[in-house]
Amino acid sequence: RERAIMAAQLLRTPLLSTAVIRSASTGTLEVKGPLSFWGGGRVNPLDTKKAEPVYEPATGRVLCDMVPCGPDEVEQAVKNAHAAYLKWSKLAGMERARVMLEAARIIREQRDEIAKVEVINNGKSITEARVDIDVAWQCIEYYAGLAGQHIQLPGGSFAYTRREPLGVCVGIGAWNYPFQIAAWKSAPALACGNAMVFKPSPMTPVTAVMLAEIYAQAGVPEGLFNVVQGGAETGSLLCHHPMVAKVSFTGSVPTGKKIMEMSAKGVKPVTLELGGKSPLIIFKDSELENAVKGALMANFLSQGEVCCNGTRVFVQREIMPQFLEEVVKRTKAIPVGDPLLDGTRMGALISRPHLERVLGFISEAKKQGAKVLCGGEPFVPSDSKLKGGYFMTPCVLDNCRDDMTCVKEEIFGPVMSVLPFDTEEEVIERANNTTFGLAAGVFTRDVARAHRVAENLQAGTCFINNYNISPVEVPFGGYKMSGFGRENGQVTIEYYSQLKTVVVEMGDVESLF
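- If you look the chain up in an unreviewed UniProt entry, it shows as Aldehyde dehydrogenase 9 family, member A1a, tandem duplicate 1 from Scleropages formosus.
- Word for word, the UniProt comment on the chain under Sequence similarities (unreviewed entry) is "Belongs to the aldehyde dehydrogenase family."
- Among the UniProt annotations of the chain, the heading Function (unreviewed entry) holds the following wording: "Converts gamma-trimethylaminobutyraldehyde into gamma-butyrobetaine with high efficiency (in vitro). Can catalyze the irreversible oxidation of a broad range of aldehydes to the corresponding acids in an NAD-dependent reaction, but with low efficiency."

Below is the structure:
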């Protein structure tokens, strides 16, 4: 009976057709119908009373409604994922790889459509969104393949290790890279033989459903990648569920702590990718042109809504005037506006409250003595359809001190704080004086100094003479309160599997008894 009810609820038509996406422009797309996905199709919610509006950041209009999943729905999604895991985990690595490569191919094929929907739901520029979707398919392609280890013991006996899947893994995503995070979490999980129940941010519920449809189309067992919509309550149900073997979360430190606490009750391993307040150190011998470009890339990608951004820019005193002049000139020239236009370099922030929060940080900075060199104000583009959008001008703050709120706390918006320094020793100490440790950067022509500084910075990723470069082949993750565990790179296999040692005796047992 339960199966019959579920089958009746399932919608196997795509959430958005290619034609609908292609004909959409800013302010026109409407997403209708259910957004949760399990058992190979979209699922009608049991209770629509708690529906929440989801906004298009560029216009401020309602894009769709997100209905949170309750206990019964979470139960269905997890059980369904577990059944799929039992089938998937028994396949050979090559068989799993074949399905994952097909999913990567479909994403490549639909790249422009997925990127367009991402922009409409998230507000970032189309140029950036296309890169995000490319990174997503590259990630899935990268994880298509694994192996164990064989150890020879004396007398023909031997031991070997097996990397075995964990079971049903939960992925909890953030709103700044909705599709990419869903791929970063699901690719290694599926490659290791697990199933995943993914909960996107309630603010960006749409493109994860498209990823679920793509996995289904590629041929994964029904239920292998499920999408459960909702906020904190739904997240809590997932973390506490006895059939969930692991939780991977991207988001804020306070929520990360709660997830760790909830998962501890069931002794579930967690991967946490939390906030940052990363330092970018620019020495006087830097190639100034590159340092300026690096500082802009470290602060203004995705409207500054990036956890690893280098928002504390330390500049050696001797070159501060030239650096500021060039950075301000280029920041003022950043085209802000309709994120679906190819010429746009900065779109809209995620929501009205978030925009107000970012602007609040800037007024607080002014009160504490910082000087606004440019930007930092609400922005209304000339196009009338964007007048309700959540836009602001990118901001550069001078006259900052280490004890200011804008230098200590994560703003998560297009705000660069610039601080002078004199010596290498001093700047390393100041750079490390934070509870965060996600990323760091250094610009210098001195090779020995570059490596010395990278060694001494307390951060999970250090960039030398560049910033915000994250290829899927290398691990990404934090030190200190920026979290633990890694995403991307081979090491991530260890976070989505468990190690079994098998010892095989080929002779007789030597007994003491």
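**Regarding the packing of aromatic side chains**
Okay, so step 1: Applying the stated criterion across every chain, the model contains eight aromatic pairs.
Okay, so step 2: Ring centres 5.4 Å apart and planes at 85° place the aromatic pair Trp 175 and Phe 412 in the edge-to-face group. Placement of the pair is Trp 175 in the loop between strand S8 (168-172) and helix H7 (178-191) and Phe 412 in the loop between helix H14 (405-408) and strand S17 (415-421), with a sequence separation of 237 residues.
Okay, so step 3: Centre to centre, the rings of Phe 283 and Phe 421 are 5.3 Å apart; their planes meet at 85°, and the pair counts as edge-to-face. Of this pair, Phe 283 sits in the loop between strand S13 (279-282) and helix H11 (288-300) while Phe 421 sits in strand S17; the two residues are 138 residues apart in sequence, bridging distant segments of the chain. By the burial criterion, Phe 283 is buried, and Phe 421 matches it.
Okay, so step 4: Three or more aromatic residues joined by ring pairs make a cluster, and in this case those are Phe 198, Tyr 215 and Phe 225.
Okay, so step 5: Just above the ring of Trp 137 sits the side chain of Arg 108; from NZ or CZ to the centre is 4.7 Å.

**Some points on the pattern of salt bridges**
Okay, so step 1: Scanning the entire structure with this criterion turns up 33 salt bridges.
Okay, so step 2: A salt bridge links Glu 318 to Lys 284, with the nearest nitrogen and oxygen atoms 3.2 Å apart. On the criterion of sequence distance, the pair formed by Glu 318 in the loop between strand S14 (312-316) and helix H12 (320-332) and Lys 284 in the loop between S13 and H11 is long-range, its members being 34 residues apart.
Okay, so step 3: Take Glu 318: its relative accessible area is 47%, and that puts it in the partly exposed class.

**Here's the deal with the sheet that holds strand S18 (residues 439-443)**
Okay, so step 1: Pairing is mixed in the open sheet, where seven strands are placed in the order S15-S16-S17-S14-S13-S18-S19. Each edge of the sheet is formed by a strand with only one pairing partner; in this case those strands are strand S15 (371-374) and strand S19 (461-464). The average angle at which neighbouring strand axes cross in this sheet is 25°, direction not considered.
Okay, so step 2: Bridge count between S18 and S19: four bridges; the pairing is parallel. Looking across to S19, one finds that Ala 440 is bridged to Cys 462.
Okay, so step 3: Each of S13, S14 and S17 is contacted by helix H15 (residues 424-432), which is oriented at about 145° to S17, the strand it contacts most.

Criteria and cut-off values
- Residue numbers restart at each chain and count upward from 1, following the sequence in its written direction.
- For this predicted model, a pLDDT threshold of at least 70 governs which residues receive local features, and a threshold of 80 or more governs which side-chain atom pairs are given and counted, while totals over whole chains, interfaces and linings are taken from all residues.
- Side-chain numbers come from the whole structure's heavy atoms, not from hydrogens or water.
- UniProt positions are given in the numbering used here, feature names are shortened, and annotations may be inferred rather than shown by experiment.
- Only Phe, Tyr and Trp rings are paired, with Trp represented by its six-membered ring, and only when their centres lie within 6.5 Å; those with planes under 30 degrees apart are stacked, over 60 edge-to-face, the remainder tilted.
- Comment: elements are numbered from the N terminus, with helices defined as DSSP H or I runs of at least four residues and strands as E runs of at least two.
- Think of it in three bands: residues with accessible area under 20% of the maximum for their type are buried, residues over 50% are exposed, and the middle band is partly exposed, with areas taken using a 1.4 Å probe on protein chains only.
- For a Lys NZ or an Arg CZ to count as sitting over a ring, it must be within 6 Å of the ring centre and within 35 degrees of the ring normal.
- A side-chain nitrogen of Lys or Arg and a carboxyl oxygen of Asp or Glu constitute a salt bridge if their distance falls within 4 Å.
- The pairing criterion for strands is at least two bridges between them, as found by DSSP.
- Only the stretch in contact is used when fitting a helix axis, every axis being a line fitted to C-alpha atoms; angles between N-to-C directions are given from 0 to 180 degrees.
- It only takes one pair of heavy atoms within 4.5 Å for two residues to be counted as in contact.

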